[in-house]
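# Breakdown of the fold
Listed below are the residues making up each chain.
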Amino acid sequence: MHFPNSSDRALRVFGYAHQFLREHNIHWLPINPEDIINMHSNWTLKYVHQLADEIKVTERHVLDHVMRSQDGLSMYDVKADKYDILINAADDKSPGRILWTKLHEIGHIYLGHLQDNHLTQIVEDELPQELYDQMEFEADMFAGEVLASKWLMRSLDIYDEKAITTICGISDTAAHNRYIKATEDYDFVPANAILTQARFSEYCKEITVCMNKDDMLVAELAVQNPPRAKYVKPKAKFLRRSGECPYCGGRHSIGANFCPYCGTALKSYQKDAKSEPCGNRQDANAAFCEQCGRPVFRTRQGFCFEECEI
Ligand SMILES: [Zn+2]
Ligand SMILES: [Zn+2]
Ligand SMILES: [Zn+2]
């Protein structure tokens, strides 16, 4: 294996990370590594206790002699062309850290580290230091770009690293530090990042939602639109058009109970907003919930909803 300079390497890994997102049809966060692994008939995810059961040894033995104090290990069975992704999910490993480790190991496989170098596993003691360090750097960079693409974060207007790691599910100090380290050096904008941004358009879409701020994933990123000013007098009955608020002229849906722009009750029997939010999702410019009249928060669709709810 030759050692291209670090920015060539970064660019190559970056390209692979975006190709990976595309090939696995990923367009929502956080990334689910189990779904990805299941797409490959020759990839298997195993936890330490499962391997211990399989080869009839203790978990301690697997940790000491197979994992060798690593969080994860990918193993390649050359003859069968099969990969095992072994993960240490001990109680002291947070979900954020385990998520990072899974993508790091997937990175080793996807970047061809095992196959190209004719390796059955990647263990520091068994490899030249330079090769080991390079593969670790690449796997970390891959994990960072797949789990929390900087270009995706830019299209979400998120620059705060804490918010990034919360949204992407890697909010563990160790994973967070590896994320920062893996992504600190690159400042290029390759074309495939634009394609990734387009694929995540539903996730990134701005909407307003009727919910409590405390229940939001990243409450600091939610804002409120100012209410629209009301006319001095409501429009006369004969001038009113259906779907238009007589108090401010804002458009609302036919079944609306309240005007989404000025918040006025549109039905005579419904005067006050409800005390609990109803979960309704509306246009990005609304200030009030059409259904229950409460003030709504402007945020991104992906911050409040699962992909299956869209
Ligand atoms: Zn590694
Ligand atoms: Zn109105
Ligand atoms: Zn509501």
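Reading the values: the criteria
- Residues numbered from 1 in each chain as written.
- Chains lettered and ligands numbered in written order.
- Predicted model: local features only at pLDDT ≥ 70, side-chain atom pairs only at ≥ 80, totals over all residues.
- Pairing = 2+ DSSP bridges.
- Helix = DSSP H or I, 4+ residues; strand = E, 2+ residues; numbered from the N terminus.
- Domains from an automatic or database assignment.
- Contact = placed C-beta atoms within 7 Å.
- Nonpolar A, V, L, I, M, F, W, Y, C, P; charged D, E, K, R; others polar.
- Buried ≥ 20, exposed ≤ 12 C-beta atoms within 10 Å, placed from the backbone.
- Axes fitted to C-alpha atoms, helices over the stretch in contact; angles between N-to-C directions.
- Parallel < 35°, antiparallel > 145°, perpendicular 65-115°, else oblique.
- Left-handed = near helix turned anticlockwise from the far one by under 90°.
- Core = buried A, V, L, I, M, F, W, Y, C linked by C-beta atoms within 7 Å.

What the three strands build is an open sheet, ordered β5-β4-β6; its pairing is antiparallel. Whereas interior strands pair on both sides, the edge strands pair on one side only; in this sheet they are β5 (281-282) and β6 (297-300). Relative to β6, strand β4 (residues 206-209) runs antiparallel, the two sharing four bridges. Looking at the pairing, Glu206 lines up with Arg300 of β6.

It is worth spelling out the domain arrangement of the protein chain at this point. On domain assignment, one finds that the protein chain holds domain 1 (6-204) and domain 2 (205-310). Distance from the C-alpha centre of domain 1 to the C-alpha centre of domain 2: 41 Å. Taken residue by residue, the interface counts eleven residues in domain 1 and eleven residues in domain 2. Taken together, the elements giving at least two residues each to the side of domain 1 that touches domain 2 come down to α9 (161-168) and α12 (201-204). Here the side of domain 1 that touches domain 2 takes four residues from α12, the largest share from any one element. Classifying every residue of the side of domain 1 that touches domain 2 gives eight nonpolar, two polar and one charged.

Below, the discussion takes up unusual backbone geometry. Of the consecutive residues Leu29 and Pro30, the connecting peptide bond is found in the cis state with omega at -10°. Relative to the helices and strands, Pro30 is located in the loop between α1 (6-23) and α2 (33-38). For Asn25, which is not glycine, the phi dihedral falls at a positive 50°. Examined against the element boundaries, Asn25 turns out to sit in the loop between α1 and α2. The exposure class of Asn25 is exposed, given the 10 C-beta atoms found within 10 Å. Despite not being glycine, His118 shows a phi value in the positive range, around 55°. In this structure, His118 sits in the loop between α6 (113-116) and α7 (129-147).

Take the packing of helix α5 (residues 95-110) against α7 next. Following both chains from N to C, one finds α5 and α7 inclined at 120°, their axes separated by 8 Å at the closest point. Between α5 and α7, the angle falls in the class oblique. Seen along the crossing, α5 lies across α7 with a hand that is right-handed. Contact residues: Leu99, Trp100, Leu103, His104, Gly107, His108 and Tyr110 in α5; Met135, Glu138, Ala139, Asp140, Phe142, Ala143, Val146 and Leu147 in α7. In terms of residue class, the contact of α5 with α7 is made up of ten nonpolar, three polar and two charged.

This next bit is on the sheet that holds strand β1 (residues 43-47). With mixed pairing, three strands are arranged side by side in an open sheet as β1-β3-β2. Of all the strands in the sheet, just β1 and β2 (72-77) have a single pairing partner and so form its edges. The average angle at which neighbouring strand axes cross in this sheet is 20°, direction not considered. In this sheet, strand β3 (residues 82-87) lies alongside β1 in parallel orientation, the contact comprising five bridges. In the sheet register, Tyr47 faces β3, and the bridge partner there is Ile87. Contacts from α5 reach β1, β2 and β3 within the one sheet, and its direction differs from that of β2 by about 30°.

Most of β3 sits out of view: five of its six residues are buried. Pairing geometry for β2 and β3, over six bridges, is antiparallel. The partner of Tyr76 across the bridge, within β3, is Tyr83. Where β2 folds back on β3, the antiparallel hairpin that results is connected by four residues, among which Asp81 adopts a positive phi of roughly 50°.

Another point: the nonpolar core. If you look at the biggest cluster of nonpolar residues, it comprises 51 residues, and the most contacted ones within it are Phe142, Val146 and Leu147. Elements that contribute at least two residues to this core include exactly α1, α3 (48-55), β2, β3, α5, α7, α9 and α10 (173-183). The contacts of Leu147, once residues within four sequence positions are left out, are Ile31, Leu99, Trp100, Leu103, Cys168 and Ile170. Of all hydrophobic cores here, the second largest spans 16 residues; its members include Met211, Ala256, Cys259 and Ala286.

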